[in-house]
Amino acid sequence: MGLAKWYAGVRWRRKYRLPPGPKGVPLLGNMLQMPAYHQGPWAKEMAEEYGEMFTIKIASNTWIFLNSSRVVYDLLEKRSSIYSSRPAFPYTSTLMSGGCRMVIQPYGPQWRSIRKTMHAILNITNASTFAPFQDTESKQLVWEVLKQPEHWWMGNQRYANSVIMSVVFGKRVLGRDDNVERLFDTSREFIMAMQPGANLVDTFYILDKLPGPLKWWRRRGERAFEKVVGVYEKEVRDLKRRMEDGTCPPCFATKFLEDKETEKLGVTQTLFALGSLMEAGSDTSRMTLGQIIAAAATDRRWVKKVQDELDAVCGYAARLPEFADRSKMPYMSAVAKEGFRWRPFAEIGVPHMLIKDDEYEGYRFPANTIFTWNNWGIALSEKEYRDPLRFWPERWLDPEIQGVDPKTLEDPLNGHWSFGAGRRVCTGYHVGDTNVWLAAARLLYCFDFEENPDKPIDTMNLQVGEHRWAPFEVKIKVRSEKHRDLIETVGKEVVGRPYGV
Ligand code: HEM
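Because the structure is predicted, anything quoted here is derived from the model rather than measured.

Analysis parameters
Residues numbered from 1 in each chain as written. Predicted model: local features only at pLDDT ≥ 70, side-chain atom pairs only at ≥ 80, totals over all residues. Near = placed C-beta within 6 Å. Helix = DSSP H or I, 4+ residues; strand = E, 2+ residues; numbered from the N terminus. Nonpolar A, V, L, I, M, F, W, Y, C, P; charged D, E, K, R; others polar. Pairing = 2+ DSSP bridges. Contact = placed C-beta atoms within 7 Å. Axes fitted to C-alpha atoms, helices over the stretch in contact; angles between N-to-C directions. UniProt positions renumbered as here; feature names shortened; annotations may be inferred. Core = buried A, V, L, I, M, F, W, Y, C linked by C-beta atoms within 7 Å. Buried ≥ 20, exposed ≤ 12 C-beta atoms within 10 Å, placed from the backbone. Parallel < 35°, antiparallel > 145°, perpendicular 65-115°, else oblique. Left-handed = near helix turned anticlockwise from the far one by under 90°.

## A look at the site of the ligand
- The environment of the ligand is made up of 29 residues, and the closest members are G281, G420, C426, G428 and G432.
- Counting only elements with at least two residues in the shell around the ligand, the list comes to α5 (109-122), α13 (267-298) and α18 (429-446).
- Tallying contributions element by element places α13 first for the shell around the ligand, with 7 residues.
- Taken together, the residues that form the shell around the ligand break down as 16 nonpolar, 11 polar and 2 charged.

Written as structure tokens, this is what we have:
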């Protein structure tokens, strides 16, 4: 080691102090210790060993995992103005997304402007815009599950996607749609690319300085960019055609594209603003619904209670649950909340980057340190929740269980970190919450879910991120012939009926 490097190291250690963590190896740091996917159980083990925070190195990046609600709240929430950027991703953000994918844009004016636009569409005051679409699509969902129970996960996927497509593009997705399939592919590729260490240049920034022809990943990234832009452009072309035909009802995209402010964003950012909504709005609700189905199939105790509540309000197979019933269905709201907590799919959170040196409880963090909340570790920690592995809606209703005030039940952010934290908190959390509440209420009202004893569901490894095949096997049976009749009746109102035609 050169003298200058050694001296820089000494100065660094005098100035900064980081939480402990596992020892890494030169150059790669801890990169090879962290599993490539499904990192939650590993991160939980680390938290058990090191306490409320631990530090790892992924090549030149320093990551600090926040392992308790207390420290997540203190840093990502209370100090959100400096803990809300994203690290650089030369491959995933710059090449693959033209710097325009909002979820990984750095904190700054471009991100702020897109976030403002999204907030305007997705915030709670717009709930009434979403509600009729959620109603229509969840009627079709129960009909699809009745007709093809073995394709239940496709139904959840079409439901969530069609709600967001209706609001954004004024278009229902009535069944399999090639462009939507491509959208799911591009989302999957994006999520894969985001995994720490998945693309060397996203962790070894020095590689980005290589001359163009030596960047072996460049063509792959450009192809991914062309593919995703192609998907977004096709939707916009289709929208314009329907506007000309007079078959497009008013929707967000028509207003957005006509707005003078949108022109300032440029073509690529405009496409990605629309596309990010489709992307973020589809997979997430599907995955949460999948988790609730897994919980229903593996533990009848809570299902019986929620069905009793749904039947008491709606009658036995008399009508489907509605949003207007929500205040009379606290148990159902607790089911939805527990669905978000139980096995969080953003297992190790999403990286937040600190933009300025900071001090906390004796530690001194340098700017550019990456912080993430240990979502799995916290959600499944006995220090945070009583009997954390159990899907136990009562924990949100009975203050005796873990001291939660039931008045906070309908605040989707309260009690867990599955929607993230601080200024980067999920913009779509109201839509996500209402999507899940209504669809889960209707599915649980209409069907019973059972595990196949020969293929038990591994709830610690649900693989709900998969959109191409069933993440697990589950038997779904309609609750009675009366329920079947009800589903057939509501299905007739909505199945195969596009808007505006
Ligand atoms: C249904 C369950 C959902 C879950 C569990 C979820 C979870 C998340 C998480 C963990 C983040 C990162 C937060 C952070 O970095 O602190 C996020 C960001 C985001 N979500 Fe969601 N989400 C859901 C639904 C939705 C829906 C329905 C939409 C849109 C219609 C949406 C739009 C977004 C956007 C645009 C961001 C990026 C925010 C930013 O970087 O500023 N999400 N979501």
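## Topic: the sheet that holds strand β3 (residues 352-353)
- Judged by pairing direction, the sheet is mixed, and its 4 strands sit side by side in the order β1-β2-β6-β3 without closing on themselves. Each edge of the open sheet is held by one strand with a lone partner, namely β1 (53-58) and β3.
- With 4 bridges joining them, strand β2 (residues 61-66) and strand β6 (residues 370-373) adopt parallel strand pairing. Each residue of the ladder has a partner; that of I64, found in β6, is F371.
- Contacts between helix α3 (residues 69-77) and the sheet are confined to β1, β2, β3 and β6, with β6 contributing the most and set at about 135° to the helix.

## Observations concerning the UniProt feature "binding site: heme" (unreviewed entry) in the chain
- The sites that carry the UniProt feature "binding site: heme" (unreviewed entry) are, in the present numbering, C426.
- Following the sequence through the fold, C426 ends up in the loop between α17 (399-402) and α18.
- The contact partners of C426, leaving out residues within four places of it in the chain, are F419, G420 and G432.

## Points about the nonpolar core
- Membership of the largest hydrophobic core comes to 83 residues, with the highest contact counts inside it found for V168, I293, A440 and L444.
- When residues in this core are grouped by element, the largest group, 15 residues, is from α13.
- Excluding its chain neighbours within four sequence positions, the residues that come into contact with A440 are L289, I292, V335, A336 and G339.
- Judged by nonpolar contacts, the second largest core, of 29 residues, contains A43, I64, F371 and A379.

## Topic: the environment of L389
- Along the polypeptide, L389 turns up in the loop between α16 (375-379) and α17.
- Classification of L389 as partly exposed rests on a count of 13 C-beta atoms within 10 Å.
- Sequence spacing of L389 and M460 is 71 residues, and the spatial spacing of their C-alpha atoms is 8.9 Å.

## Thoughts on unusual backbone geometry
- Its identity is not glycine, yet N368 carries a phi of approximately 75°, on the positive side.
- By the element assignment, N368 lies in the loop between β5 (363-365) and β6.

## So, the packing of helix α14 (residues 300-314) against helix α15 (residues 330-341)
- Remark: α14 packs on α15, axes separated minimally by 8 Å, with the N-to-C direction vectors making an angle of 140°. Viewed along their axes, α14 and α15 adopt a mutual orientation that is oblique. Crossing hand, α14 versus α15: left-handed. Between α14 and α15, the residues in contact are W302, K305, V306, E309 and L310 and Y331, M332 and V335, respectively.

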